[in-house]
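Summary of structural features
So you can see what is in the structure, the chains are spelled out below.
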Amino acid sequence: MFGRLKHIFAVAILAGGGLWTGAQERGTVIPRVAGLEGDSVYMALLVREHDLKTQEDSLVHVIADKRAAFAADTTDRARKSNEILQLETRIFGLRNRIGSVTAQTNTIEQEFILYNMAQGRPVATNTGTETTTTSGNGTAGDPNLKNLLDYPYVKHNLARPEMELLRKAQRDQPATDRLGERFSAVYQQIKQLVESYDTVSSPAEAQQLYDQWRRGAATIDSLENALDEVWNDSYGDRIYLYSYLLDKLYRTAVLDSLNREEQEIKRTQNIAAGGMMSPTFAAYPARLALVAAYEQALARQFGLPQALDSLGRVVARARELDYRMALIEVKEKEFIPFADPVQHDEAIYNSQTPIPTLEIPSEGTFYSVMIGIFANQPSMDTFRKVSPVYSLRLPDRRLCYFIGLYRTYGDAVDAAAKLKEWEFRRPEPVIWKNGEFSNMADAADQAQGLFRVEFSNTTGELSAQVKEVTDRYARHREVVRTGTTYSVGIFENRLQAQELSDALGKVADISSRVVEMEPTEPEN
């Protein structure tokens, strides 16, 4: 087998122009495998490879100079661009020829090593900076080699920083595995928290669970960042380096298959990204298996059964992992006693049942009706046997009183009208936004006019959720359909129209906006 390959390459090299003579003259090429220095075909291939790489280096410098001149001088750019294109075409051809020659030298070296190992003879290999011996006891070049990165061809064709990157990735693998285990454990804790949070009825307990959920979500974010730093940042580099080696070995079919697998991983990740708790961890098992598949392809090429066994276990373990955890989102519970004002036969607030302090969450928008601000606590008669009443101590120490809590501005306006009927002097709707309130009278005056809300959806049909929103915020105003667009109005206040638009905007597949209507001139 080895002699037949030598004969084939001898014919090819001699037909190419007798390169061995040049090798003898230069005497600069060192055989990578001891014992092949007397093989004229092999040495001629090394000389040819050296010459081609020298030409490649020269062309790289020329192209760099041409590009610098092209950027600095804008004259005659068409000619300069064409020259650069021709040089790049030449360097592409050179690299193809280098790859072909390198593949031939690699084949001779592998055949020679395997033949001598079968005969029980040690073989020394020279990578240009160090010499290692192959003797069948687990050293470089041995078919029993367990680590692909110790194979001479890999060390010879990759630079020292690239080798260090690959070795670091191997060293980091246990830490990466622990990150995945930690992610899975934290996710299960979050899942249990949410199940408890959905059923809790105590505000204090709900707040405690919600805070735990936020800490868990923050932990997952930190684990994602750690995975990016420890493993994902090197993922693309590893794929590139292994692809480079397979390309040099002319394993085109294998590369095409692995590239298709990589594209499928990217496609699947993009589709599922929005529904995953962590798209980064969700893609990790498939990426881990893909890196191992690249390494398996190289191990097969080099005939390393022990390395193949080890990589097979990596692939099997990666296929057992599943970090495609569904996204868990939690909306903070509202423990706000929304209620309209009610007038009772007997006063319900007294020294034994004091007026409660108003507590509003720090996030969200709510409404109430302010009935007065007092320097001192007023008489209970002030509240005319109405509930619910709430108090709030202002920064200047005065007491502010409110009646009722409402989800919508329209509800607050209706409540204020009812309180006027009950002889409250000046009930004023107020808005609570993210824990702070403001009087809405001035804002409402500035927002007077005629408005309508327009909205549309992709299906063209009103869902039950849309109907619920329009019933709550539109106050029985008419909903008119024109094609796939709906219109609701008329509102005499932009605040009310905007409130409906904002609520509709939270419904899936709905887009909405507020439209100010031009006033019409009265007919004579």
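Residues numbered from 1 in each chain as written. Predicted model: local features only at pLDDT ≥ 70, side-chain atom pairs only at ≥ 80, totals over all residues. Heavy atoms only, no water.

Below, the discussion takes up the overall build of the protein. Counting secondary structure elements, the protein contains 14 helices and 13 strands. In the protein, which comprises 524 residues, the share counted as buried stands at 41%. Put simply, 72% of the contacts in the protein that link residues at least 6 apart link residues at least 24 apart. As displayed, the protein has an accessible area near 29,400 Å², and 49% of this comes from carbon and sulfur atoms. (Helix = DSSP H or I, 4+ residues; strand = E, 2+ residues; numbered from the N terminus. Buried < 20%, exposed > 50% of the residue type's maximum accessible area, 1.4 Å probe, protein only. Contact = heavy atoms within 4.5 Å. Areas by Shrake-Rupley, 256 points an atom, 1.4 Å probe, with all protein chains shown as cover.)

Each aromatic ring pair is characterised by the separation of its centres together with the angle its planes make. For the coordinates displayed, the defined rule picks out 16 aromatic pairs. A centroid spacing of 5.8 Å and a plane angle of 65° characterise the contact between Phe374 and Tyr401, whose relative ring orientation is edge-to-face. Taken as a pair, Phe374 in strand β4 (residues 365-374) and Tyr401 in strand β7 (residues 399-406) lie far apart in primary sequence, 27 residues in all. Aromatic rings pair up to connect Phe183, Tyr187, Trp231, Tyr235, Phe281, Tyr284 and Tyr323 into one cluster. The residue whose ring lies beneath Arg384 is Phe424, and the NZ or CZ to ring-centre distance is 5.1 Å. (Phe/Tyr/Trp six-rings, centres within 6.5 Å; stacked < 30°, edge-to-face > 60°. Lys NZ or Arg CZ within 6 Å of the ring centre and 35° of its normal.)

The end-to-end C-alpha separation of helix α7 (residues 203-248) is 66 Å, in line with the 68 Å expected for 46 residues at 1.5 Å each. Taking the largest bend as the criterion, α7 deviates by roughly 50°, centred on Asp228. (Expected span 1.5 Å × (residues − 1). Bend = angle between axes of the 7 residues up to and from the residue.)

Quick look at the pairing of strand β6 (residues 389-393) now. Buried residues dominate β6, accounting for four of its five residues. The sheet contact formed by β6 and β7 spans five bridges and is antiparallel. Among the inter-strand pairings, Leu392 is bridged to a residue of β7, identified as Cys400. Here β6 folds back onto β7 in antiparallel fashion, the turn holding five residues, of which Arg397 has a positive phi close to 80°. (Pairing = 2+ DSSP bridges.)

This paragraph deals with the nonpolar core. Counting residues in hydrophobic clusters, the biggest one holds 58 residues, and the most contacted among them are Val154, Tyr242 and Phe302. Breaking this core down by element, the ones donating at least two residues are α5 (152-157), α6 (160-199), α7, α8 (252-272), α9 (279-302) and α10 (305-320). Val369, Ile403, Tyr406 and Leu419 belong to the second largest nonpolar core, which has 19 residues in total. (Core = buried A, V, L, I, M, F, W, Y, C linked by side-chain atoms within 4.5 Å.)

Attention shifts here to the layout of surface pockets. One number sums up the size of the largest pocket: a volume of about 1,200 Å³. Taken together, 36 residues make up the lining of the largest pocket; nearest its centre are Glu334, Gly364, Thr365, Tyr473 and Lys506. For the lining of the largest pocket, the element with the most residues is helix α14 (residues 494-505), which contributes six residues. Grouping the amino acids of the lining of the largest pocket by side-chain chemistry returns 14 nonpolar, eight polar and 14 charged. (1 Å grid on protein atoms, 1.4 Å probe; cavity = no way out; pocket = protein on both sides within 12 Å on 5 of 7 lines; lining within 4 Å. Points joined across faces, edges and corners; volume = space filled by probe spheres on them. Nonpolar A, V, L, I, M, F, W, Y, C, P; charged D, E, K, R; others polar.)

On to the confidence of the model for the protein. Predicted confidence across the protein gives a mean pLDDT of 79, with 84% of residues reaching 70 or more. Mean pLDDT across the elements of the protein ranges from a minimum in helix α2 (residues 19-26), with 36, to a maximum in strand β5 (residues 386-387), with 92. Across residues 1-27 the pLDDT falls below 50, and counting only partners more than four positions away or on other chains, this stretch makes 28 contacts in the model. Residue range residues 520-524 is modelled with pLDDT below 50. Its contacts to residues more than four positions away, or to other chains, number zero contacts. (pLDDT = per-residue confidence, 0-100.)

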